[in-house]
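Summary of structural features
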Amino acid sequence: SRSALSRTVGRWTGSSSRAQLPGQAEEGPRCKSSPSQEPARHAATASSSAPSAAPYLRCADALQAPLPAAAYLCRVFAAGILLRAVRSGRGDAEAERSLEMALETAERHRPKIDVSLARGELEAFVLAVLGGDAGEGSGQTSVSAFLDAVLLLDVLEWHLRTLPGTWAEIARLARRRALELTSPNLAQAGASIG
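What you see is a predicted model; the values in this text were computed from it and never measured. (Residues numbered from 1 in each chain as written. Predicted model: local features only at pLDDT ≥ 70, side-chain atom pairs only at ≥ 80, totals over all residues. Heavy atoms only, no water.)

Comments concerning the packing of aromatic side chains
Which entries qualify depends on this criterion: Two aromatic rings, drawn from Phe, Tyr or Trp (for Trp, its six-membered ring), form a pair once their centres lie within 6.5 Å of each other, and the interplanar angle then sorts them: stacked below 30 degrees, edge-to-face above 60, tilted otherwise. Comment: the charge-over-ring label is applied if NZ (Lys) or CZ (Arg) is within 6 Å of the ring centre and within 35 degrees of the ring normal.
Going through the model one piece at a time under the given rule, you end up with 2 aromatic pairs. Aromatic ring contacts, followed pair by pair, group Tyr56, Phe77 and Trp158 into a single cluster. Taking the ring centre of Tyr72 as reference, the NZ or CZ of Arg110 above it sits at 5.7 Å.

Below, the structure written as structure tokens:
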């Protein structure tokens with residue numbers, strides 16, 4: 001079964017299958033739909049020693065075909081997390097391998113993409129998800145798709161160095177809501193107040 005991010009990408013881009021870029025060979029990363037694919041192993045490896053990088057690598061894997069510039073930024077962002085872990089001594093051999101794989105994949109795809117498109121890809125996708133276009137047919141955004149949008153907001157903020165006014169407010173509200181969604185005590189407190 002496909003992840004919520006993969007379903008959202010398909011719904012948002014109008015395709016449910018892996019779209020291939022012009023001139024892109026079959027060896028590139030694919031959406032995380034099969035445990036036997038390299039990106040899935042790549043994300044799983046990162047999760048053992050640097051759990052904070054794994055969600056960004058999963059996003060990069062899912063976005064590679066339809067939104068390659070956004071995927072590139074997600075992968076470079078995750079590589080930065082892994083590099084900090086390795087340099088600080090918190091990373092082990094698996095973190096080093098994950099870092100190497102993330103950088104190799106980013107380098108392999110870099111010539112095929114226009115990184116200047118990344119901001120627009122990230123912004124449009126986040127707006128689509130937060131606007132409810134990622135729901136399971138109900139018009140509501142699924143929790144996992146919402147959390148993926150928050151990850152992409154992290155990448156957007158890193159890419160821009162600082163989020164402009166409206167985007168800063170969107171990120172603040174989205175992160176607050178993500179915390180509520182993932183913390184049962186906060187969700188119950190919010191429900192009893194609201």
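Thoughts on the nonpolar core
Going by this rule: Joining through side-chain atoms within 4.5 Å is the link that ties buried Ala, Val, Leu, Ile, Met, Phe, Trp, Tyr and Cys residues into a set, and such a set is a nonpolar core. Each residue is placed in one exposure class: buried if its accessible area under a 1.4 Å probe, protein chains only, is under 20% of its type's maximum, exposed if it is over 50%, and partly exposed if it falls in between. Going along the chain from the N terminus, every DSSP run of H or I of four or more residues is numbered as a helix, and every run of E of two or more is numbered as a strand. Contacts are residue-level and defined by heavy atoms, with any inter-residue pair within 4.5 Å sufficient.
Grouped together as the largest cluster of nonpolar side chains are 43 residues, with contacts concentrated most on Tyr56, Leu63, Leu73, Cys74, Leu122, Leu152 and Val155. Mapped onto this core, the elements with two or more residues apiece are helix H3 (54–63), helix H4 (68–88), helix H5 (93–109), helix H6 (118–133), helix H7 (143–160) and helix H8 (165–182). With 11 residues, H4 is the largest single contributor of residues to this core. When neighbours within four sequence positions are excluded, Cys74 is seen to be in contact with Tyr56, Cys59, Ala60, Leu63, Leu152 and Val155.

Overview of the side chain of Gln64
Keep this limit in mind: Counting of polar contacts relies on pairs of N or O atoms within 3.5 Å, with two restrictions inside protein: one atom must be capable of donating a hydrogen and the other of accepting it, and residues adjacent in sequence are counted only when both atoms are side-chain atoms.
Mapped onto the secondary structure, Gln64 falls in the loop between H3 and H4. Side-chain polar atoms of Gln64 contact the side chain of His109, separated by 3.4 Å.

Topic: H5
Note the following rule: By this rule the span expected of a helix is its residue count minus one, scaled by 1.5 Å. Think of the arc as the fan of directions from the helix axis to the C-beta atoms.
With 17 residues, H5 extends 24 Å between its outermost C-alpha atoms, agreeing within 8% with the 24 Å of an ideal straight helix rising 1.5 Å per residue. When we look at burial in H5, the residues that qualify are Ala95, Ser98, Leu99, Ala102, Thr105, Ala106 and His109. All buried residues of H5 lie within an arc of 135° about the axis, which places them on one face of the element. Sitting at the head of H5, Asp92 places a side-chain oxygen 3.1 Å from the backbone nitrogen of Glu94.

As for the packing of H7 against H8
Rules: Axis lines are fitted to C-alpha atoms, over the contacting stretch for helices. Their N-to-C directions set the angle, which ranges from 0 to 180 degrees. To sort the angles, those under 35 degrees are grouped as roughly parallel, those over 145 as roughly antiparallel, those from 65 to 115 as roughly perpendicular, and the leftovers as oblique. Throughout, a crossing is termed right-handed when the near helix is turned clockwise from the far one, and left-handed when it is turned anticlockwise from it by less than a right angle. By the convention adopted, Pro, Cys, Tyr, Trp, Phe, Met, Ile, Leu, Val and Ala count as nonpolar, Lys, Arg, Asp and Glu as charged, and the other residues, Gly among them, as polar.
Running from N to C, H7 and H8 cross one another at 140°; their axes reach a closest spacing of 10 Å. Judged on the interaxial angle alone, H8 and H7 are oblique. Helix-helix and strand crossings are classified by hand; for H7 and H8 the assignment is left-handed. Between H7 and H8, the residues in contact are Val143, Phe146, Leu147, Val150, Leu153, Asp154, Leu156 and Glu157 and Trp167, Ile170, Ala171, Ala174, Arg175, Arg177, Ala178, Leu181 and Thr182, respectively. Of the residues that constitute the contact of H7 with H8, the class distribution is 12 nonpolar, 1 polar and 4 charged.

What about the pattern of salt bridges?
Where we set the bar: Whenever Lys or Arg places a side-chain nitrogen within 4 Å of a carboxyl oxygen from Asp or Glu, that contact is recorded as a salt bridge.
This model, assessed by the stated rule, comprises 7 salt bridges. One salt bridge in this structure joins Glu169 and Arg172, with 2.7 Å as the shortest N-O distance. Note that Glu169 and Arg172 are positioned in helix H8 at a spacing of 3 residues, about one turn of the helix. For Glu169, a relative accessible area of 36% translates into the label partly exposed. With a relative accessible area of 44%, Arg172 lands in the partly exposed category. A network of salt bridges, in which partner residues are shared, links Asp154, Glu157 and Arg175.

Focus on the environment of Val143
Turning to its location among the elements, Val143 is positioned in helix H7. With 39 residues separating them along the chain, Val143 and Thr182 place their C-alpha atoms 8.6 Å apart.

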